[in-house]
Amino acid sequence: MTTDGLTLVVGSGVQRYREYLLSSAGQRPVWLLDATEPTWQRAHIAGHTVVPQRDAARLTPDVPALVAAAREVAAAHRVVGVMSYDETLVVATAHIAEELGLRGLTVAGAENCRNKTRTRRLLTEAGLVQPRYAHVTTAAEARAAAAEFGWPVVVKPRGMGASIGVVRVPGAAAMDAAFTTAEEASRGGNPDYEGGVLVEEMLTGPEISIDGAVQNGGYQPLFIAHKSLGLEPYFEETGHLVSSDDPLLTDPVLLDTLERAHRALGLQDGMTHTEIKFTDRGPAVVEVNARLGGDLIPYIGRLASGIDPARVAVDVAAGVPVRPVPTRKTSVGIRFCYPPEDGTVAAATLPAPGSLDGLVEAEQIVPAGAVLRLPPRGYANLCRYALLVCEADGPGDCSDRLDAAQAAADVRLELG
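Remember, it's a predicted structure, so these values are computed and weren't measured experimentally.

Caption draft 1: Local environment of the packing of aromatic side chains. Going through the model one piece at a time under the given rule, you end up with one aromatic pair. Its guanidinium or amino end placed over the ring of Phe336, Arg384 lies 3.7 Å from that ring's centre, counting from NZ or CZ.

Caption draft 2: Representation of unusual backbone geometry within the structure. Put simply, Trp151 and Pro152 share a cis peptide bond, and its omega is -5°. A cis geometry characterises the amide bond from Pro375 onward to Pro376, with omega recorded as 10°. Within the secondary structure, Pro376 sits in the loop between β17 (371-372) and β18 (386-392). The residue Asn216 is not glycine, and still its phi comes out positive at about 50°. By secondary structure assignment, the location of Asn216 is in the loop between β9 (207-215) and β10 (218-230). Despite not being glycine, Leu296 has its phi angle at roughly 65°, a positive value. The topology assignment puts Leu296 in the loop between β13 (282-289) and α9 (297-305). Under the relative-accessibility criterion, Leu296 is labelled buried at 1%.

Caption draft 3: Structural context of the pattern of salt bridges. By the definition in use, this model includes 25 salt bridges. Here Glu87 makes a salt bridge to Arg114, at a shortest N to O gap of 3.6 Å. Placement of the pair is Glu87 in the loop between β4 (79-83) and α3 (90-100) and Arg114 in helix α4 (residues 107-114), with a sequence separation of 27 residues. Ionic pairing is found between Lys277 and Glu207, a salt bridge with its closest N-O pair at 3.5 Å. Within this pair, whereas Lys277 is found in strand β12 (residues 270-279), its partner Glu207 is found in strand β9, the two being separated by 70 residues in sequence.

Caption draft 4: Spatial organisation of the nonpolar core. In this structure, Val9, Leu22, Met83, Met271, Leu296, Val312 and Ile334 are the most contacted members of the largest nonpolar core, which totals 40 residues. Looking at this core, the elements that each hand over two or more residues are α1 (15-25), β2 (30-34), β10, α9, α10 (309-318), β14 (331-337) and β18. The element contributing the most residues to this core is α10, with six residues. The next biggest cluster of nonpolar side chains, apart from the first, holds 26 residues, and it includes Leu128, Ala261, Leu267 and Ile276.

Caption draft 5: Here's a closer look at the packing of helix α6 (residues 139-149) against helix α7 (residues 175-186). Relative orientation of the contacting elements α6 and α7 amounts to 115°, with a least axis distance of 9 Å. Viewed along their axes, α6 and α7 adopt a mutual orientation that is roughly perpendicular. The element α6 and its partner α7 pack so that their crossing is right-handed. Residues Ala139, Ala142, Arg143 and Ala146 of α6 touch α7, and the partners they reach there are Met175, Asp176 and Phe179. Here the contact of α6 with α7 is built from residues that sort into five nonpolar, no polar and two charged.

Caption draft 6: Just the sheet that holds β12, in detail. Strand order across the open sheet formed by eight strands is β13-β12-β9-β10-β11-β14-β18-β16, with antiparallel pairing between neighbours. Of all the strands in the sheet, the pair left with one neighbour each is β13 and β16 (359-364). Averaged over all adjacent pairs, the angle separating strand axes in this sheet is 25°, with direction ignored. Where β16 lies against β18, five bridges are found, and the strand directions are antiparallel. Counted as the bridge partner of Glu361 is Val389 from β18.

Caption draft 7: Examining the sheet that holds strand β7 (residues 167-169) more closely. One open sheet accounts for four strands, arranged β5-β8-β6-β7; its pairing is antiparallel. Looking along the sheet, the strands with just one partner apiece sit at the ends: β5 (133-136) and β7. Direction aside, the axes of adjacent strands within the sheet are offset by 25° on average. With four bridges connecting them, strand β6 (residues 153-156) and strand β8 (residues 197-201) associate as antiparallel partners. Considered in β8, the bridge of Val154 is made with Glu200. Each of β5, β6 and β8 is contacted by helix α5 (residues 116-125), which is oriented at about 150° to β5, the strand it contacts most. Each of β5, β6, β7 and β8 is contacted by α7, which is oriented at about 35° to β6, the strand it contacts most.

Thresholds applied
- Residues numbered from 1 in each chain as written.
- Predicted model: local features only at pLDDT ≥ 70, side-chain atom pairs only at ≥ 80, totals over all residues.
- Heavy atoms only, no water.
- Phe/Tyr/Trp six-rings, centres within 6.5 Å; stacked < 30°, edge-to-face > 60°.
- Lys NZ or Arg CZ within 6 Å of the ring centre and 35° of its normal.
- Helix = DSSP H or I, 4+ residues; strand = E, 2+ residues; numbered from the N terminus.
- Buried < 20%, exposed > 50% of the residue type's maximum accessible area, 1.4 Å probe, protein only.
- Salt bridge = Lys/Arg side-chain N within 4 Å of Asp/Glu carboxyl O.
- Core = buried A, V, L, I, M, F, W, Y, C linked by side-chain atoms within 4.5 Å.
- Axes fitted to C-alpha atoms, helices over the stretch in contact; angles between N-to-C directions.
- Parallel < 35°, antiparallel > 145°, perpendicular 65-115°, else oblique.
- Left-handed = near helix turned anticlockwise from the far one by under 90°.
- Contact = heavy atoms within 4.5 Å.
- Nonpolar A, V, L, I, M, F, W, Y, C, P; charged D, E, K, R; others polar.
- Pairing = 2+ DSSP bridges.

Dropping the structure here:
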């Protein structure tokens, strides 16, 4: 199959975090299906269709309307593929692929990733290392499950992303508050996944994420990001670090785990972002997301390896065989800066790129006057004031450079 024709891109996301993907994808003709009229997106697309969301406050797509819009585009143009890098739109994208007979994740495969209860069940049935888990609807049921698993445990919503509503619970006394946090978080997303929470056995060990491509059921990793977590008892992702020559890219146990997980979830064609924790029982799959990673992980992966994940995604959507090979050999990391407490940003001080060894980007990502709320009142983009990107020959030096850059950053808040 050639790439002549249009690739449908469903959703465009926040400009700072996603424009680099749309820009690369748009080096080939793409047609955007999005909930609002394009602005910055226009420079990267051949055309667009506006499809309002069913519930904008909860980011709930109108799946039948998206399918109908895609059908109209396909009636007027040759459409060769469909893709999305938005967690809230992966199931809708799968519906479009099935309707138009395009390669991509099936609806069942996308749902197996989106619904964390289904993910746990299928991976457990496949014999992969998994935490014990239970879907519960009351705090009392959550305490009973945790008592069976052993404290501490993790509670989480079934269908949110970005670690929203995920809480470490050390003991029974903290469960009521943790259950409420996770359950209320689910009511901020798609109603299909609200109601109750998952209680999981706590997995301990270092955590990584892998952005990869699936074609004809075969899996291949693009790059691996080593994750930094903070703001306990929440699981806020405070940074990521990618090395193009990471030995884990060829680790047979990890690769076997990834291949088995993708088969168990029924993933045939598409891009995925898989999170793995290295436990004393072996690599455990935390989750598999039916899209490229967030938090600019694909961006630092491209800087470190030279592999362009958006171009890979377009090829996979069109059925073009991909064999990504790194063209760079370096380590690149990103670190997000958080305030010490809730408040309104008065001013931020950041080191200038080039002023510290390896510092290539330093950006204030919220304006003065922005209100920042730490978990559980805010997550990710709602509680970060800046990002820093550093490069080095190896991961150790890169991590040290990120530490130095973060130490040079500061924010002044107006409280109250």
